[in-house]
Amino acid sequence: MAEDSKIHSLKRPAIERMLRIHQELKRGLYPNCSTLARALEVSTKTIARDMDFIRDRMLMPVEYHPSKHGYYYTREVESLPTIDISEGELLALSIAQKAMDHYKGTPFEKPLSNALNKLAASLPDTITANLTALSETISFRHGRTSQVEDSLLNTFTRSALDKVEVSFDYRKLGAKSKERRTLQTYHITNFLGKWYAIGLDTGRDAIRTFLLSRASSAKLNQTRFTIPESFSAEEFLGSSFGIYSPEGKHRVKIKFLNPISEYISENVWHPSQTVEYHGDGSITVSFNLGSLVEVSSWILSWGENAIALSPKALQNQIKDTALKIAEHYS
């Protein structure tokens, strides 16, 4: 009874089983109920019902070969006759196909492409044609990107997956020379087209964020690590207005004037965002942030239509920057 319960809890979707059975039949592997049940982590009765459905409802040429103890196609079959897919699911698949462009030039490009191609190949011709048409109708613009070698991104990814430290040369922004760093990689993230590694910088005994396009000569070493239970990538990234590592806790308030206030209120700029509306058409937007660096630049990008209300440190940063900008035009 316990084993049956385990099998039931792991049961895969029917369409996934059908595709797996079809592939094994097409390759002439003579699968049987026992081998398929083990591979798909379902009961032999489930596989038997799948075989009956493929033969009797899909009218596929499936027979059992007594001497080979398995099923086979009695004639060549290219694909299953029909796959029921809704319009919404087709749209989602098309969006996934286009979103894959974001991973070009990374270790994830080939496996993602292979998976989507296999799925598309299993669809009927009419659905495949619609998928192509949708793909040409939808596009993603990812903004600026940075070049990262496949091998380097793969090394940092392996560091995070295998929990093994990685050593690398790193040149900080504005620095003339590189320095050797060692990182316990907790998380890899792509932010606005750029790849970053987050983890414990062992030389500084602090969690840091590294832009991988500035890293080179990465090599895994033999030192293993465990990620502290207190670390949460979601919380770490959520405390930032962009990608900078948090260095404190700040309650940021910004006043936006008409007419830009309407555009600001239409968008969610940060998970902690709250908006207060005023009678003159202006709004006050508030965030809880761990760093002021990126929000300072963001406020400046709105020119005279954005006014930092708090904290005082943010006001001082913007004032100092504005004065330096003014000096360029004096």
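Rules used throughout
Residues numbered from 1 in each chain as written. Predicted model: local features only at pLDDT ≥ 70, side-chain atom pairs only at ≥ 80, totals over all residues. Heavy atoms only, no water. Helix = DSSP H or I, 4+ residues; strand = E, 2+ residues; numbered from the N terminus. Buried < 20%, exposed > 50% of the residue type's maximum accessible area, 1.4 Å probe, protein only. Contact = heavy atoms within 4.5 Å. Areas by Shrake-Rupley, 256 points an atom, 1.4 Å probe, with all protein chains shown as cover. Pairing = 2+ DSSP bridges. Axes fitted to C-alpha atoms, helices over the stretch in contact; angles between N-to-C directions. Phe/Tyr/Trp six-rings, centres within 6.5 Å; stacked < 30°, edge-to-face > 60°. Lys NZ or Arg CZ within 6 Å of the ring centre and 35° of its normal.

Which parts of the structure should I look at to understand the overall build of the protein?
Scanning the protein from N- to C-terminus turns up twelve helices and eleven strands. Expressed as a percentage of the 330 residues in the protein, the buried residues total 37%. When contacts within the protein are restricted to residue pairs at least 6 apart in sequence, long-range pairs at least 24 apart make up 60% of them. Here the protein displays about 20000 Å² of accessible surface, and carbon together with sulfur accounts for 51% of that area.

How do you make sense of the sheet that holds strand β9 (residues 274-277) when you look at a structure like this?
Paired through backbone hydrogen bonds, the strands of a sheet run either parallel or antiparallel to each other. Read from one edge of the open sheet, four strands run β9-β10-β8-β11, paired in antiparallel fashion. With one partner strand each, in any of the chains shown, β9 and β11 (306-310) form the two edges of the open sheet. Here the strands of the sheet are splayed against their neighbours by 25 degrees on average, with no regard to which way each runs. With four bridges joining them, strand β8 (residues 250-256) and β11 adopt antiparallel strand pairing. Bridging across to β11, lysine 255 finds its partner in isoleucine 307.

Where do I start with the packing of aromatic side chains in this structure?
Aromatic rings in a pair are described by how distant their centres are and how their planes are angled relative to each other. Taken as a whole, this structure holds 18 aromatic pairs when the rule is applied. A centroid spacing of 5.5 Å and a plane angle of 65 degrees characterise the contact between phenylalanine 256 and tryptophan 298, whose relative ring orientation is edge-to-face. Here tryptophan 298 lies in helix α11 (residues 293-301) and phenylalanine 256 lies in strand β8, a separation of 42 residues in the sequence. Assigned by exposure class, phenylalanine 256 and tryptophan 298 land together as buried. Connected via pairs of aromatic rings, a cluster forms that spans Phe241, Phe256, Tyr263, Trp269, Phe287, Trp298 and Trp302. Geometry around tyrosine 30 places lysine 68 over its ring, the cationic atom sitting 5.1 Å from the centre.

I keep staring at the sheet that holds strand β5 (residues 194-201) and nothing clicks. Help me out?
Judged by pairing direction, the sheet is antiparallel, and its five strands sit side by side in the order β6-β5-β4-β3-β7 without closing on themselves. Each end of this open sheet is capped by a strand with a single partner; those strands are β6 (206-211) and β7 (215-224). Taking the axes of each pair of neighbouring strands and ignoring which way they run, one obtains an average angle of 45 degrees across the sheet. For strand β4 (residues 179-191) and β5, the ladder comprises eight bridges, and the chain directions are antiparallel. By the bridge assignment for β5, threonine 189 is matched with tyrosine 196.

When you look at unusual backbone geometry in this model, what are you seeing that I'm missing?
Outside of glycine, negative phi angles account for most residues, and trans bonds account for most peptide bonds. Cis geometry marks the peptide bond from asparagine 258 to proline 259, where omega comes out at 5 degrees. In this model, serine 310 is joined to proline 311 through a cis peptide bond whose omega is 0 degrees. Topologically, proline 311 is positioned in the loop between β11 and α12 (312-328).

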